[in-house]
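Each chain, letter by letter, is given below.
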Amino acid sequence: MAAMAAQTGPARVVVTGLGVLTPIGTTVAGFWDAAVRGVVGTGPLTRPDAADFPAALAGEVAGFDAPRAGGERSLALARAAAAAAAADAGIHRWTGDPYRAGVCLGTLLGSRAGLEPAVTGFHRAADAHGAPYPGPRAAPDLTDAVARELGFLGPGLAVATACASGNSALAHAADTIRAGRADVMIAGGVDELSSGIMMMFSSLRSLAPDFLRPFDRDRAGLIVSEGAAALVLESYEHARRRGAHVHAELAGWASASDAHHMTAPHPQGSGARRSMLRALKSAGISPDRVDHVSAHGTGTPSNDRVEAQALREVFGPRTPAVTSLKGALGHTQGAASAIEAVACVLALRDGVVPPTANLVELDPECDVDVVRGRAREMPVRVAVNNAFGFGGNTACTVFTRPSTAGSAR
Amino acid sequence: MTVRVVVAESVVHGAGLVLPPEGTGPAESWFDHRARLGRGYKYLPPACQYLLAAARTALEDCGPEADPLAAAPELRGAVVGTNSAVAALHAAIDETVRREGASALSPMSVPYFAVNLVAGRLSTEHVLKGFNLTVTSPRVAGVEALHLAALELAAGRAAVTLAGAAEAPDPRAADAEPEAGAALFVLRPGGGPVPAGGRVLRTVLRFVPPPALAAAEGRRLARDSVRRALDALHSGGPAPDEVELLADPSPVGDAVADALRSWCADRAPVSTRRSGARAGALTPVVRLAARPLPAGAGRRLVVTASRAGNVALATAHTPEHTD
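These numbers come from a predicted model, not from an experiment.

Asker: What am I meant to see in the overall build of chain A here?
Answerer: Helices and strands together make up the secondary structure of chain A, namely 12 helices and 14 strands. Expressed as a percentage of the 409 residues in chain A, the buried residues total 68%. Considering only residue pairs separated by 6 or more positions, chain A has 81% of its internal contacts joining residues 24 or more positions apart.

Written as structure tokens, this is what we have:
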């Protein structure tokens with residue numbers, strides 16, 4: 001494992017396992033290769049069970065054969081991502097103290113999406129016959145299902161902070177470890193395609209007609225995608241004791257609330273700025289040491305403008321290298337920032353920042369150093385991962401290389 | 001095997017309950033948003049309306065002299081637990097799309113399709129900029145919200161947090177419990193002064209894997225887990241005077257009931273309330289907020305279990321000496 005400084009004070013949190021399922025790859029290697037090459041994973045919907053979706057474009061996890069009906073697809077995506085992350089961390093069936101191992105997943109809709117056909121069917125039946133329907137299933141099945149599969153009995157939590165859910169889950173899992181309430185947490189996010197989420201964005205005129213173009217002058221909205229990502233987080237001491245390979249340190253995290261508007265970001269990006277600054281403070285890292293920011297970058301006009309403004313306020317006019325993977329992935333909802341966290345870890349490992357796919361002409365109002373055209377090879381020692389959601393939820397995470405973790409704090 | 005238990009503690013400075021009158025049917029109208037909240041709240045989902053009304057009551061409950069939101073906005077947080085706050089909205093949206101098309105949807109209502117917006121609106125209403133979190137674990141989400149709020153307060157990320165539960169089940173859902181309303185606390189860090197009329201909340205969360213209960217060893221582990229949680233919850237304090245179990249008819253509910261009754265055998269009688277499988281997250285918080293608490297420094301213990309394996313244990317008590 002990578003050399004790290006001895007621990008003092010609260011538990012340090014390290015990343016020892018990664019798992020992703022995305023529209024551009026269903027393995028960590030495949031995903032990262034596609035991300036670095038700027039492969040775009042969105043396009044016309046092809047799934048045969050998507051006839052009721054009110055959008056023609058989406059990002060699908062191709063080749064992942066899990067049914068939408070019955071809420072099984074989100075469960076299957078979450079399980080698969082967690083299993084991959086656990087395997088990467090050398091955890092197959094947990095043999096340690098089960099009460100010291102937990103799960104925290106973020107999701108926007110949970111298993112609700114998969115029940116749409118049944119719910120709609122029941123509503124139609126109710127129209128005709130006055131019959132009631134069984135109602136949607138709650139989201140936390142996701143967390144329980146993953147925990148049971150791995151034999152974890154420790155803290156379990158499903159968090160819902162809209163599009164910030166993945167980062168919120170990472171933050172809560174990391175908090176749990178740092179406070180000594182667990183040694184190991186599997187954390188991440190998951191969401192599948194659904195008629196409901198597409199309808200919501202369509203009603204708000206937020207869907208792009210062709211491509212999701214983060215920070216582009218001609219950006220016109222987002223494309224809804226599905227996916228899942230999981231990271232194995234451990235206390236550094238625990239990882240060291242079991243000889244685990246450390247990919248990176250999750251050095252800092254924070255969340256905040258805009259408390260401004262239900263769907264629009266604060267015009268000055270106050271929640272975004274506060275989350276970034278708090279997360280950096282939590283990591284003990286000054287803004288001038290950040291090399292890379294994985295932006296929320298949804299391709300909606302107001303979000304990108306406000307995020308760019310917040311980035312300039314935090315980092316000054318010479319910002320770190322910024323990229324938005326949503327140009328390639330589409331918006332994977334509650335999974336987005338978990339997937340982007342995996343990308344941050346890989347950027348640290350390989351010293352490369354993926355390009356922002358579909359960005360042709362940078363909007364002058366988004367005057368930050370956005371990586372475009374092709375990937376940028378550069379030393380990445382500190383990466384910040386941004387996530388901002390409806391309802392004013394903002395959450396940021398800070399990742400560092402394991403070899404610099406000791407001095408980073 | 002070591003079962004380590006984390007007890008989270010907070011101090012209640014105010015509580016707000018918004019509940020339907022006794023005997024109200026699940027589809028019956030009982031809440032007048034215009035009277036309780038004023039203008040501008042018509043398009044909010046009912047659970048959000050209940051939550052906002054509960055927040056006003058809770059803030060008023062802090063007393064005329066108190067200024068519960070005096071802390072900087074960045075040091076005010078919100079944590080809300082719910083299982084079905086927007087279930088009825090989902091159904092209504094579906095019906096609108098089916099009958100009139102997506103263009104007929106109100107942009108005022110549609111964003112609440114995402115359940116976190118219920119708590120998001122609470123933050124906007126009271127300028128709670130510190131953090132905002134929604135949790136949804138079956139049945140225990142309300143107590144989970146209190147637990148997380150206490151941990152956030154203990155970590156210094158807020159000076160005051162509004163935490164609780166809100167529910168509004170879809171009246172057309174066949175097995176939805178008639179649970180509707182909101183219960184919200186104004187919480188400050190544990191160990192701090194308890195105001196007159198305030199109380200101390202202590203919470204523990206556990207997970208009992210349902211498949212493990214098929215074997216004797218799994219049942220033993222579950223019993224030990226619940227007993228250790230109860231021991232930790234009452235560490236250094238007296239036994240509870242009132243014990244309430246809220247559980248569904250499931251192996252998890254049965255296992256928790258057995259463990260609780262055995263632990264309480266020589267302490268206090270257990271009052272058990274069985275619910276349907278899809279009861280919401282509200283009742284446990286309501287029971288922690290309900291007045292009066294046992295006299296003196298007596299404690300009310302509320303234990304909640306769901307068939308999915310989630311277990312929440314919480315006590316509420318008023319110290320003999322308050323501010």
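After presenting the structure, the write-up continues.
Asker: Help me understand the overall build of chain B, please; the structure alone is not making it clear to me.
Answerer: Looking only at helices and strands, chain B features 8 helices and 10 strands. Computed over the C-alpha atoms, the radius of gyration of chain B is 20 Å, within 12% of the 20 Å expected from 2.2 N^0.38 for a compact globule of 323 residues. Projected onto the principal axes, the alpha-carbon positions of chain B cover approximately 60 × 50 × 35 Å. The burial tally for chain B puts 56% of its 323 residues in the buried class.

Asker: How should I be thinking about unusual backbone geometry in this particular structure?
Answerer: With the exception of glycine, most residues fall at negative phi, and the peptide bonds are largely trans. Each neighbour pair has its own omega, and for Arg-291 of chain B with Pro-292 of chain B the value is -5 degrees, a cis peptide bond. Tracing the backbone shows Pro-292 of chain B in the loop between helix 8 (282-289) and strand 9 (299-305). Positioned with a positive phi, Ala-162 of chain A is a non-glycine residue whose angle comes to about 55 degrees. With respect to the helices and strands, the residue Ala-162 of chain A is situated in the loop between strand 5 (156-159) and helix 5 (165-178). The phi dihedral of Arg-205 of chain A falls on the positive side, at around 55 degrees, and the residue is not glycine. Take Arg-205 of chain A: it is sitting in the loop between helix 6 (195-203) and strand 7 (227-235). With 10 C-beta atoms packed within 10 Å, Arg-205 of chain A lands in the exposed category.

Asker: Please explain the nonpolar core as it appears in this structure.
Answerer: Proteins that are soluble and globular tend to have nonpolar side chains buried together. In terms of nonpolar packing, the biggest core is built from 248 residues, with Ala-81 of chain A together with Leu-51 and Val-118 of chain B touching the most fellow members. The greatest single-element share of this core, amounting to 11 residues, is contributed by helix 11 (residues 336-350) of chain A. Viewed by domain, this core spans two of them, domain 1 (10-189) and domain 2 (200-317) of chain B, each represented by three or more residues. If near-sequence neighbours (up to four positions away) are discounted, Val-118 of chain B is found in contact with Pro-45, Ala-47, Cys-48, Leu-51, Val-80, Thr-82, Ala-85, Val-86, Tyr-112 and Ala-166 of chain B.

Asker: I keep staring at the domain arrangement of chain B and nothing clicks. Help me out?
Answerer: Put simply, an interface is often sized by how much accessible area is lost when its parts join up. Residue and element names in this part refer to chain B. Domain annotation for chain B reports domain 1 (10-189) and domain 2 (200-317). Between the C-alpha centres of domain 1 and domain 2 there is a distance of 24 Å. Across the side of domain 1 that touches domain 2, the residue classes break down as 17 nonpolar, 10 polar and 6 charged.

Asker: Is there a simple way to explain helix 2 (residues 72-88) of chain A in this structure?
Answerer: Structural remark: α-helix, 3.6 residues per turn; residues separated by three or four positions point the same way. All names here are of chain A. Helix length check: helix 2, at 17 residues, gives a terminal C-alpha distance of 24 Å against a target of 24 Å (1.5 Å per residue), a fit within 8%. Helix 2 sits mainly inside the fold: 14 of its 17 residues count as buried. Looking one or two places after helix 2, you find Gly-90, whose phi comes out positive at around 80 degrees.

Asker: Just checking my understanding: could you explain the packing of helix 5 of chain A against helix 11 of chain A for this structure?
Answerer: Each pair of packed helices can be described by the angle between their axes along with the distance between the axes. Residues and elements named next belong to chain A. Where helix 5 meets helix 11, the axes come as close as 5 Å, and the angle between the chain directions of the two elements is 65 degrees. Compared by their axis directions, helix 5 and helix 11 come out roughly perpendicular. For the pair helix 5 and helix 11, contact is made by Gly-166, Asn-167, Ala-169 and Leu-170 and by Ala-336, Ser-337, Ala-338 and Ala-341, respectively. Along the lines of polarity and charge, the residues of the contact of helix 5 with helix 11 split into 5 nonpolar, 3 polar and no charged.

Asker: Explain the packing of helix 6 (residues 216-233) of chain B against helix 7 (residues 251-264) of chain B here, please?
Answerer: Residue and element names in this part refer to chain B. Running from amino to carboxyl end, helix 6 crosses helix 7 at an angle of 50 degrees, the nearest separation of the two axes being 9 Å. It follows that helix 6 is oblique to helix 7 by the angle criterion. In the packing of helix 6 onto helix 7, the handedness of the crossing is right-handed. On the side of helix 6, the interface is formed by Arg-219, Ala-222, Arg-223, Val-226, Arg-227 and Leu-230, while helix 7 contributes Ala-255, Val-256, Asp-258, Ala-259, Leu-260 and Trp-263.

Asker: What is the right way to read the environment of Arg-76 of chain B from this model?
Answerer: Residues and elements named next belong to chain B. Considering the arrangement of structural elements, one finds Arg-76 in strand 2 (residues 76-81). Its 25 C-beta neighbours within 10 Å are what place Arg-76 among the buried residues. Among all residues touching Arg-76, those that are not within four sequence positions of it are Leu-69, Ala-71, Leu-128, Lys-129, Gly-130, Ala-158 and Val-160.

So, how was this worked out
- Residues numbered from 1 in each chain as written.
- Chains lettered and ligands numbered in written order.
- Predicted model: local features only at pLDDT ≥ 70, side-chain atom pairs only at ≥ 80, totals over all residues.
- Helix = DSSP H or I, 4+ residues; strand = E, 2+ residues; numbered from the N terminus.
- Buried ≥ 20, exposed ≤ 12 C-beta atoms within 10 Å, placed from the backbone.
- Contact = placed C-beta atoms within 7 Å.
- Rg over C-alpha atoms; globule rule 2.2 N^0.38 Å.
- Core = buried A, V, L, I, M, F, W, Y, C linked by C-beta atoms within 7 Å.
- Domains from an automatic or database assignment.
- Nonpolar A, V, L, I, M, F, W, Y, C, P; charged D, E, K, R; others polar.
- Expected span 1.5 Å × (residues − 1).
- Axes fitted to C-alpha atoms, helices over the stretch in contact; angles between N-to-C directions.
- Parallel < 35°, antiparallel > 145°, perpendicular 65-115°, else oblique.
- Left-handed = near helix turned anticlockwise from the far one by under 90°.

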